[in-house]
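Each chain, letter by letter, is given below.
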Number of protein chains: 4
Amino acid sequence: MKFANEKVSEIQIAYIGGGSMYWAKNLIADLALDDQLSGTIRLYDLDYNKACHNEKLGNSVSDYPEANAKWQYKAYPTLQEALTGCDFVFISILPGTFQEMESDVHEPEKYGIYQAVGDTTGPGGLIRALRTIPMYVEFAQAIERYAPDAWVFNYTNPMTLCTRTLYEVFPKIKAFGCCHEIFGTQSLLIRMLKDMEGIDGLHRDQIKVNVLGLNHFTWIDQATYLGTDLLPMYSKFVDRYYETGFEHNKDAWKTNPYTSANRVKFDLFRRYGVIAAAGDRHLAEFMPPWYLKDPDTVYDWKFGLTTVQSRVEKNAATADYYGKLLSGEEKLPLKASGEEEVRQLKGLIGLQSFVTNVNVPNVGQMKGIPHGVVVETNAVFSANSLRPVYAGELPLPVHNQVLQHAMNQELILQAALKKDKALALQAFVSDPLVTIGVTQAEALFERMLQNTKAYLPGWKL
Amino acid sequence: MKFANEKVSEIQIAYIGGGSMYWAKNLIADLALDDQLSGTIRLYDLDYNKACHNEKLGNSVSDYPEANAKWQYKAYPTLQEALTGCDFVFISILPGTFQEMESDVHEPEKYGIYQAVGDTTGPGGLIRALRTIPMYVEFAQAIERYAPDAWVFNYTNPMTLCTRTLYEVFPKIKAFGCCHEIFGTQSLLIRMLKDMEGIDGLHRDQIKVNVLGLNHFTWIDQATYLGTDLLPMYSKFVDRYYETGFEHNKDAWKTNPYTSANRVKFDLFRRYGVIAAAGDRHLAEFMPPWYLKDPDTVYDWKFGLTTVQSRVEKNAATADYYGKLLSGEEKLPLKASGEEEVRQLKGLIGLQSFVTNVNVPNVGQMKGIPHGVVVETNAVFSANSLRPVYAGELPLPVHNQVLQHAMNQELILQAALKKDKALALQAFVSDPLVTIGVTQAEALFERMLQNTKAYLPGWKL
Amino acid sequence: MKFANEKVSEIQIAYIGGGSMYWAKNLIADLALDDQLSGTIRLYDLDYNKACHNEKLGNSVSDYPEANAKWQYKAYPTLQEALTGCDFVFISILPGTFQEMESDVHEPEKYGIYQAVGDTTGPGGLIRALRTIPMYVEFAQAIERYAPDAWVFNYTNPMTLCTRTLYEVFPKIKAFGCCHEIFGTQSLLIRMLKDMEGIDGLHRDQIKVNVLGLNHFTWIDQATYLGTDLLPMYSKFVDRYYETGFEHNKDAWKTNPYTSANRVKFDLFRRYGVIAAAGDRHLAEFMPPWYLKDPDTVYDWKFGLTTVQSRVEKNAATADYYGKLLSGEEKLPLKASGEEEVRQLKGLIGLQSFVTNVNVPNVGQMKGIPHGVVVETNAVFSANSLRPVYAGELPLPVHNQVLQHAMNQELILQAALKKDKALALQAFVSDPLVTIGVTQAEALFERMLQNTKAYLPGWKL
Amino acid sequence: MKFANEKVSEIQIAYIGGGSMYWAKNLIADLALDDQLSGTIRLYDLDYNKACHNEKLGNSVSDYPEANAKWQYKAYPTLQEALTGCDFVFISILPGTFQEMESDVHEPEKYGIYQAVGDTTGPGGLIRALRTIPMYVEFAQAIERYAPDAWVFNYTNPMTLCTRTLYEVFPKIKAFGCCHEIFGTQSLLIRMLKDMEGIDGLHRDQIKVNVLGLNHFTWIDQATYLGTDLLPMYSKFVDRYYETGFEHNKDAWKTNPYTSANRVKFDLFRRYGVIAAAGDRHLAEFMPPWYLKDPDTVYDWKFGLTTVQSRVEKNAATADYYGKLLSGEEKLPLKASGEEEVRQLKGLIGLQSFVTNVNVPNVGQMKGIPHGVVVETNAVFSANSLRPVYAGELPLPVHNQVLQHAMNQELILQAALKKDKALALQAFVSDPLVTIGVTQAEALFERMLQNTKAYLPGWKL
C-alpha cells in the first residue's frame, strides 16, 4: 500500500468466491464510487471462468468515466497466488448448489419443520455449516500460509461458524464477519422516529445502538438518537403496530419472500424488553416453533418463507442481467450498496476510526458467554486494529437462548472438524426447531446428511 | 459439643420439617445405631403437634435397650428457638400438600406433557420451586441470624434450587444438599459386576466414581473397582440389556411407580458415552419428551409414572404404621437407612475424613458451568470442612444439556425472588418438556400458578 | 436537560471541591468557550466561602462578552443540595493540606526513599489513599442517595483508588476517572513525528493509540498516524535521544520540578518494548528505585522531584492571581485547557460519539487483570453510555508489574475500608519503592500514619 | 499390571535420574517394605554406569530375606527404552553439578544477596530453572511419545517449574510434583500438641490441613486434630516460642545447615495469620530480604545457610557409604523414608483412595491464581485419578506475595522456552531478594548465566 495526499493506492485484495454474480457487483460499484482507495482485486473462485467474468466486468467499470477510482481486477487460478502478497481478503462464497439448499430448506418440511431461510440455524443451517466448515478450514490454512497478516472480511453464512472456523484453525488470524441486519434495525428505528415523532432525514450513524448476541440473533439493549432513549418510544411503537405490523411497503411480505412486517420482532420485544435486531425470517428460526409452526402460523406473523424455487428464479433473472453487464448491453449503476466494506477498509488502513458491529470471537465483550465463541457486538475500527467494545450482558431469559445456540454451534463445529456423525446428530436434536420425536429426527438428519454428502469428504456415511 | 474417648456428646441438631413421618424414622434409627455420637434433636415443624409426635417417637427409641446412643428429641415451637445454639441443621420439608402436587404432576397431562415425578424439573418442578423458594428464603435468613456457623444439610426437592436459595440469601452459609441417587447407580454397577464378572459382596464405597452434573441429572464419567475401569464393562452391559432392561425384581416397574428397568439410563449411555447417574424417572424429565411422550412411550422404556394417587395411598399406609409406632404397638426396627447423614456428621465433627457426592455452589469443580450455580460433584468431608473435588467437564453434548438446565434454574430463582410472573413464564416455556405451542403453554402455566397461589405471597396473580 | 437546535441547556453539574483555585479556572474557561452547552454549576466545597468565590468568578466570566455560553455558577452549603437533581458530578478535591503532603513526600526521604510526586503510589501515595478513601466513601453514599443516575467525573489522585472506592461503595455508579497523561504521550509522539519525519501541525486525535494499564502507569502497545505504525519509529527515536533525553525546552527539568527529559520513558521502552505513557516523575515511582535511588540518580535520569515547598510557592502565586481575578483586576483568558471534560459531557449527553482513555473497573478490557480493579484503557463515549474497548494484554514482564501494583492497591482499599493498620502496613512493605529493612519500614509507616491521623477517623492508632 | 488377591504385580516404573545415590536408596527401601506391590524399576540416567550401580544395589536388596517384595531393577541405556511400556515414571534428577550450584548459591553473596538454599526461587532458583527446563522439555516430549498414559511423579527442584514445563510441552500428561515440606509442618503441629496439650503419639494423617500456595511457599489456613481447630493453639504456641524458636534438637540450626528454629515461620504467622508450611530456609527466600539481609540477620532468625561446601562434604560421606552398600560391606536398612510414593502408587493403581498435597496446574483449586500455574494443594488420589480439592483463597496480603511469585515463574518459563535473555533478566530483577541496583543486578545476572551456559544450548550468550 502507498499513502500519498490522503489517498492510498496499490491495495491488494484477494476475493475468495470472486466469481459471484451478486456481491461482486456491489463491491465493484462501491469501490468505483470512492476516490481515496485504489489497487487490485484478485478474484479467486472454484470456477475460474466465473472469476474471469468479474475480471472483465470490474475492469470495464473502472473504465467508466464516472468511476472515481480505477481499480484493477484480475482472476487468479489458485488460492495461493491470489493470497500471496495481499493486504486484505474478502470471502463470500455459496457453499453448495441450489440442490443442497433445496434439501436444507425443504426436506425438514416433510417432517413438519418449517424454516424461513435455512442458512444459519435449524436443520438447514446445521447441514449447511457441516459442508461449509471444511472449506473454511482450507481457507484458514491457506491464509496462515500465504497471507498471515492480511485482514479477512467474511460475508458467507452461517456467519458465526465460518468466522469461528477461521479462528479455530488459525488462532492469530485477523478476521471478522460482516452483516447488515443491524443496519436494517437501525432503519426501522429511523422509520419509527418519522412515524412517532415526525423526525425525518436521519442516517443510521445517528442511531447509536449497543449490539449483542449472535449473528442473525442479535439484540439491542440501548438505542439513542441524540439524547433520546429510543426504548420507551419503541415500546409504544410496538403497542401501536403489534397487530398490524409495520412495513415499508404494505403487505410486501405476501409476495416478497425476503421481507416481513416486523411482527416477530415486536412479539420478541414484548416478551424480553430488548430489541431483536435481525430480520423476522432469521429471528423466527432461533426460537422454538412459535412463529414457524406451519405456513398458517407464518402467515399470521406476516413474514415470508424463502423457498429455494424463489431463489432459482431470482438467480435466473440475475444471470440474465449479469450477461448484459458482461456484454456491455447494460451498464452497472454506480450507487452505494449500503454495505460497509469500503469504510471498514479505510478504518483498517488508518484513514478513519469508527464504531460498528462485527462478528469476532468473544474476549469478554459479551459477559456470560464463553470466550472464543463468535459473537456480534460493536467494535472500534482503527489503523490495523479492530477492538471489540464491551457490550455487557443480555437479560437472563434472552441470554439463556443465546447461550444455548452458542453452545450448540460449538457442538456443530466439533462435529464438522472431527467428521463425527454422532456429535452432529446430537446438535441436530438439540436445535429448538426440532421438536419432533427423536426417531423421526434421526431419520430426517440421515436423509439431509446423505443429500449433502458430496461436500463431506472423510465422513463415514 | 464435647469430645471424649473418640466419642462426641451434646451435639445440637435443629431439624426443620421435624414433623415428618418418613425421613424422621430413618434419622432416628440411624442415630440409634451409632455409638460415637449423641446429643439433642430439636424438632421444628409448621405443625408443632407433628414435631411433638416425633419427640415422643425419638425418645422412645432412645429407650430401646439395643439403641447404641441415647439421643434426646425435643419439639420446639419456633424456628428461632430451634436454631439458637445448634451445631447442625437438617432441612427436610414437603412444600405444599398433595393438592398442589396433584396440579404439579397431572395438570400438564391435560396438555400432553407427562412427568414421572414432577418435583425437580419440568412444569411440576418449576411450580414446586416457586412455592419452595420463599420458604428457603426464610430459613436462610433465620440461619444467618440464629445459627450462622451451623452446618446445614438439605434434603428437600428441588434440591438444586433449595440449596441455591440458601446461598443466594446468606452467601456465607455452610450448606449442602444430600441425595442418594448416585448410591443407586453405584448399586447398579455392583450388580453389573456380579452379572458380568461374578464378583460378589461389594459395598458402594468400593466403586469409585467421578460425579458431575445437576442433582437428578448427574453423570459419571469415570468409575473403577480396584484397578478396573468400569466404563468398557458398562458398555457391554448396556449392549446385553439394552432391549430388556436390567432389574432387581423382574417387571417391578409395571407395578411399582418408583422404579424402572434402567432402559433410559442405557439409552443415554449409548448417546453420550457417560453414565447417567440417577433414576430413570428423574433422568427422563430432563430430556426433551423422548422418553415421556405419552404413556405408551413410557411403557416401552419401562419405568413408572409416579401418580399422586399412589403417593396418597402410600401416605395412608405410612400414617397407619406411624400411628402404631407412636402408640408402641410396633417397634421401629433399627436398621441403617442407607443415607449418609451420620457419616457426614462425623466428617464435619472431625471424627473421620472421606469423599462423597454433594450439592454445593460451583466454585470451579465443574468446568464450563458458571460459578454460583449449585452442582453435584464429589467433595471431601473433614473437620468443619467441606471442599469440592475437581470433577472436570462433561462431554460437550451432555454439558450443553446440563448448562441449559442450570441456566433455566437460575431464571426460576430470579423469578421466585422477584415474584415475577413474566420471568417464570419464560423459564416455563424454555423447559425441554414443554414442546407444546407457546399459547397453550401460557394457559397451562397460568392454571398451575393459580393452583399453587396460596404459596406465592406477594405475587401479582 | 433541554435539547433544541443541536444545543443543550439547563444542564445541572455538581462540582465537589468547587472551591478550587486551580481546576475551577480551567472548567470555567472551557465551558465559556463552547456554544452548545449551558446550565448551572453547583459548587460544593468543605469551605463554603471558597465555593462562593468561584460562584462570583464563574458568573463574572459568563458576563464576558466573548463567552459563548452563559453558565450560571452557584455555591451550595451541603452535598445533598448540590447533588439533588444534578445530571453530572465533577469531583476534584485536595485530600488534606500541604502539611500532610509534606509528610507524604518528604518523610520517606529521611529513610532514603525518594518520590517525585508522592500522590499515586509509593509511601506517599499509599498514605494519601488512606486519607482520601473515607471521603470517597461519603461521596459514593451521597451520590447513591441523591443522584444515582448522574455521571460522575473524577479528577482527584490517587485516581485509581478514588474511582475504585466509588464503585466499591455504590456498584451501580456511573463514574470514571479522567487523566491527561496519555495526552502528554500523544504530544511526545507528535513532536517525534516532527523531529524524525518533519511532519507538522498534528492534533492528538490523529495519533491513534491503544492504552492499557493503571493510571500514571499506563502503557501504549499500538500507536499509529494514518497507516504508519509508530512503534518502529519510536524505537529509533529512543536510540537517538536515549542519552540526552528529548525535551520541549532544553534542561527545563533542572528548574521546573514538574517536568522531565523523558529518559525514564526511553529506558522503559528499551526494557519492555512498549511505550510507557505517563510523565517520567510518575513512572519512576512505580518501579523499584532504579530511577529514584537518590537525588544524583534522579539528576542522571533528568527529571524533577516535586518538593512540597515548590507547591507552596506555586500556590501563593496562584492565590495572588486568583485574588486579582476575583477583584476584577485581571480577566480570565478564555483558552482551552486541553482537558476533555466538555467533549466528554457532549458524548454522554448524546451530541457526539468518540473514543478516549478513561479509568473504570475492569470488566475484561484488560486481559489477565482481575475484574473490578480500576484500569485505564480506551472507551467509547456515547449517549448515556461509556463502554470500555478491549485493550488486550501487556507483554508479560510489564503485565506482572502492573498486576503487582493493582493487587497492592486492592490491599490498600481493604485496609482503608476496614481501618486496619496491619493490612495497610502489609501494603506499605510490598511497595517496590520500599526496599529498606522491614523494621525501618514499620517505623516510617508509623510516623507517616501519625502525621495524617486527623484524616483517619475510626482507626486505632 | 496384574491384580490378584489384593496384590499387584508386573508394575513397570521408569526412573529418570535412576543413578542417584540418595533418593534411590529411599525408594528401594520403601518398595521392599511393602508387600502389595511388585514389578520392575527401569533405571535411566545420563550416566549409565550409575544406573547400573543402582540395578545392582536394588536387586541385592530384593534378595534380602526381610524384603517383603522382590522388585527387579534394570538399567536402561536410553530414555526411549526405559519409557516404552511403563505404567509410571519417577523423575528425580540433579540439574548440573556442584560447580553450577556454587554459582547459584554463592555468586549472589558477592553482591550482598544471601540465599539459604538457592534451588527454588531467588537468583539461584531462577538460574537453576533455566538449566532444568530444557531437560524437562525433553522428558515431556519423550513421555508424550513413548508413555503418554503413564503417571509421572516429579521430585526435582525447582518443583513448580519442572512440573509446569511438563504440562506446557505435553498438556495431557498425567504428572504431579511431590514434596514433603508439608509433612514437616504437620510434624511441627504434632510437636505443638505434645508441648501445649501433652497429647502424644500422633501421626501426620491425623492432622488435617488445608494446603494452598506454591511449592516451598505453601500455606495452611485450616488445621484440625479431631474436632480441634489448631490455629488458635498455634497462635499461643507462636507467642510462647516467638523469641526462642521451637526446635527438635536445641540449637541444631547452628551446626546443621539444613534446619531451623522455626522463627521465620512464627514471624510470618504473626504478620499474616496463616501458617507458612515449609522449612524456614525456603520460606525466607520468597520474601524480601527481611530474614536474609546478611549472615547476622540469618543468625538472629536462627536458621542455616546451606553452603555448597557443606553439600560437597555430605556428598563425599554419602558416596563412601554408597560404596559400602554396593560392595555389600554394609546392608541397606529397610526403614520407611517418610515419603509417600508407595501410597501414591497404590492410590493410582486403585488399591486405596486418600487425600494428600501435590503440585499440579491450577484448574480452579486456588481461587484468584491464573489457571495453568502449578500450585500446591490437596488432591484426591484414586484409581487412575488425581483430582485437586478446592482450597479457596489466601488472605489478600499473602495471596499477593504468592501471585507475584507465580507470575514471575511464568516469566522464567517463557524465558527458558524462548531462550530469551532479556525476559530472563526481567524475571531476575523482579525477584524480591534482588533489591540491589538494576545495573548491579544485570552484572550479577550476566555472570551467573555465563557460569551455567553449558546447560543453555541455543541461547545467545
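Residues numbered from 1 in each chain as written. Chains lettered and ligands numbered in written order. Predicted model: local features only at pLDDT ≥ 70, side-chain atom pairs only at ≥ 80, totals over all residues.

(A) Examining the overall build of chain A more closely. Within chain A, the regular secondary structure consists of 17 helices and 14 strands. Along the first, second and third principal axes, the C-alpha set of chain A runs to 60 × 55 × 45 Å. The 461 residues of chain A split such that 56% are buried. Pairs at least 24 residues apart make up 69% of the contacts formed inside chain A by residues separated by at least 6 positions. (Helix = DSSP H or I, 4+ residues; strand = E, 2+ residues; numbered from the N terminus. Buried ≥ 20, exposed ≤ 12 C-beta atoms within 10 Å, placed from the backbone. Contact = placed C-beta atoms within 7 Å.)

(B) Local environment of the relation of the copies chain D and chain B. For the match of chain D to chain B, the screw axis carries a shift of 0.0 Å, the RMSD comes to 0.0 Å, and the turn is 180°. In short, the pair behaves as if placed about a two-fold rotation axis. Residue Val389 of chain D of chain D places its C-alpha closer to the rotation axis than any other residue of that unit, at 2.2 Å. Same-surface contact between copies: 100% of interface residues of chain D are shared with the interface of chain B. (Least-squares fit on C-alpha atoms with pLDDT ≥ 70 in both.)

(C) Structural detail: the UniProt feature "binding site: Mn(2+)" (unreviewed entry) in chain A. Residues and elements named next belong to chain A. Sequence positions flagged by UniProt for "binding site: Mn(2+)" (unreviewed entry) are, in local numbering, Cys179 and His216. Taking the farthest pair of C-alpha atoms as the criterion, the annotated set spanning 38 residues converges on one region, since that pair is 8.5 Å apart. Examined against the element boundaries, Cys179 turns out to sit in the loop between strand E7 (174–177) and helix H7 (181–197). Setting aside residues no more than four positions away along its own chain, Cys179 makes contact with Met159, Asn215 and Asn359. Mapping His216 onto the fold places it in the loop between strand E8 (207–214) and strand E9 (217–225). The exposure class of His216 is buried, given the 26 C-beta atoms found within 10 Å. The contact partners of His216, leaving out residues within four places of it in the chain, are Thr120, Glu181, Ala278 and His282. (UniProt positions renumbered as here; feature names shortened; annotations may be inferred.)

(D) Here's a closer look at the interface of chain D and chain B. Between chain D and chain B, the contact holds 26 residues from the first and 26 residues from the second. Looking at the side of chain D that touches chain B, the elements with two or more residues in it are strand E8 (207–214), strand E9 (217–225), strand E13 (374–382) and strand E14 (385–388) of chain D. The element that contributes the greatest number of residues to the side of chain D that touches chain B is E14 of chain D, accounting for three residues. In terms of residue class, the side of chain D that touches chain B is built from 13 nonpolar, eleven polar and two charged. (Nonpolar A, V, L, I, M, F, W, Y, C, P; charged D, E, K, R; others polar.)

(E) Geometry of the environment of Ala4 of chain C. If you trace the backbone, Ala4 of chain C turns up in strand E1 (residues 2–4). In the structure, Ala4 of chain C is positioned 32 residues away from Gln36 of chain C in sequence and 9.8 Å away in space, judged by C-alpha atoms.

(F) Layout of the domain arrangement of chain A. Residues and elements named next belong to chain A. With domains assigned, chain A is organised as domain 1 (2–96 + 115–178) and domain 2 (97–114 + 179–306 + 339–461). Summarising the inter-unit geometry, the C-alpha centres of domain 1 and domain 2 are found 23 Å apart. Among the elements of the structure, helix H1 (23–33), helix H5 (122–146), strand E6 (151–154), helix H6 (159–169) and E7 are those that each provide at least two residues to the side of domain 1 that touches domain 2. If you tally residues by element for the side of domain 1 that touches domain 2, the top one is H5, at eleven residues. (Domains from an automatic or database assignment.)

(G) The interface of chain A and chain C, seen in detail. If you look at the interface, chain A gives 26 residues, while chain C gives 25 residues. Going through the elements one at a time, E8, E9, strand E13 (374–382) and strand E14 (385–388) of chain A are the ones with two or more residues in the side of chain A that touches chain C. With three residues, E14 of chain A is the largest single contributor of residues to the side of chain A that touches chain C.

(H) Examining the arrangement of the chains more closely. The smallest C-alpha distance separating chain B from chain C is 14 Å, and no contact links them. For chain A and chain D, which are not in contact, the least C-alpha distance works out to 14 Å.

(I) Focus on the pairing of strand E3 (residues 37–44) of chain D. All names here are of chain D. Burial analysis of E3 places six of its eight residues in the buried class, the great majority of the element. The sheet contact formed by strand E2 (residues 7–16) and E3 spans seven bridges and is parallel. Considered in E3, the bridge of Ile16 is made with Tyr44. For the crossover that starts at E2, traverses helix H1 (residues 23–33) and ends in the parallel E3, the hand is right-handed. Examined bridge by bridge, E3 and strand E4 (residues 72–76) share five bridges and lie parallel to one another. Looking at E4, one finds that Arg42 is bridged to Lys74. Note that the unit made of E3, helix H2 (residues 48–62) and E4 has a crossover that is right-handed. (Pairing = 2+ DSSP bridges. Right-handed = clockwise from strand over helix to strand, strands pointing away.)

(J) Quick peek at the pairing of strand E6 (residues 151–154) of chain B. All names here are of chain B. Every second residue of E6 is oriented toward a common face, with Trp151 and Phe153 on one face and Val152 and Asn154 on the other, all of them buried. Pairing analysis gives four bridges linking strand E5 (residues 88–91) to E6, with the strands arranged parallel. Bridge assignment links Phe88 to a residue of E6, and that residue is Trp151. Where E6 lies against strand E7 (residues 174–177), four bridges are found, and the strand directions are parallel. Of the residues in E7, the one forming a bridge with Phe153 is Phe176. Between the parallel elements E6 and E7, the chain passes through helix H6 (residues 159–169) in a crossover that is right-handed.

(K) The nonpolar core, seen in detail. Counting residues in each nonpolar core, the largest one holds 588 residues, and the members touching the most others are Val89 of chain A, Val89 of chain B, Val89 of chain C together with Val89 of chain D. Setting aside its immediate chain neighbours within four residues, Val89 of chain A contacts Ala14, Ile16, Leu83, Ile143, Ala147, Ala150, Val152 and Phe153 of chain A. (Core = buried A, V, L, I, M, F, W, Y, C linked by C-beta atoms within 7 Å.)

(L) Focus on the environment of Thr120 of chain A. Residue and element names in this part refer to chain A. If you trace the backbone, Thr120 turns up in the loop between helix H4 (98–106) and H5. Judged by C-beta crowding, with 28 C-beta atoms within 10 Å, Thr120 ranks as buried. Sequence-distant contacts of Thr120, defined by excluding residues within four places in its chain, comprise Gly125, Asn157, Pro158, His216, His282 and Glu285.

(M) Up close: the packing of H6 of chain A against helix H15 (residues 396–418) of chain A. Residue and element names in this part refer to chain A. Contact pair H6 / H15: the axes reach a minimum separation of 11 Å and the direction vectors enclose 55°. Comparing the axis directions of H6 and H15 gives the class oblique. You can see that H6 and H15 cross each other, and the crossing is right-handed. In this structure, H6 contributes Thr160, Leu161, Arg164, Thr165 and Glu168 to the contact, and H15 contributes Gln409, Ile412 and Leu413. (Axes fitted to C-alpha atoms, helices over the stretch in contact; angles between N-to-C directions. Parallel < 35°, antiparallel > 145°, perpendicular 65-115°, else oblique. Left-handed = near helix turned anticlockwise from the far one by under 90°.)

(N) Up close: unusual backbone geometry. Residue and element names in this part refer to chain A. Cis peptide bonds are those with omega within 30 degrees of zero, and the linkage from Asn157 to Pro158 qualifies with 0°. With respect to the helices and strands, Pro158 occurs in the loop between E6 and H6. Non-glycine residue Lys302 carries a positive phi angle of around 60°. Its place among the elements puts Lys302 in the loop between helix H12 (295–301) and helix H13 (308–327). What makes Lys302 buried here is the crowd of 21 C-beta atoms within 10 Å.

(O) Structural view of the relation of the copies chain A and chain C. Note on the copies: chain A fits chain C at an RMSD of 0.0 Å, the axial shift is 0.0 Å, and the rotation between them is 180°. Both copies present the same face, since 96% of the interface residues in chain A are matched by interface residues at the equivalent positions in chain C.

(P) How the structure looks around the UniProt feature "binding site: substrate" (unreviewed entry) in chain A. As annotated in UniProt, the feature "binding site: substrate" (unreviewed entry) corresponds to Asn157 of chain A in the numbering used here. Judged by the 25 C-beta atoms lying within 10 Å of it, Asn157 of chain A is buried.

(Q) Quick look at the packing of H7 of chain A against helix H8 (residues 230–241) of chain A. Residues and elements named next belong to chain A. The N-to-C vectors of H7 and H8 enclose an angle of 70°; their axes lie 11 Å apart at closest approach. When the axis of H7 is compared with that of H8, the two are roughly perpendicular. Taking contact as the criterion, the partners of Leu189, Met192 and Met196 in H7 are, on H8, Leu230, Met233, Tyr234, Lys236 and Phe237. A breakdown of the residues in the contact of H7 with H8 according to their chemical character gives seven nonpolar, no polar and one charged.

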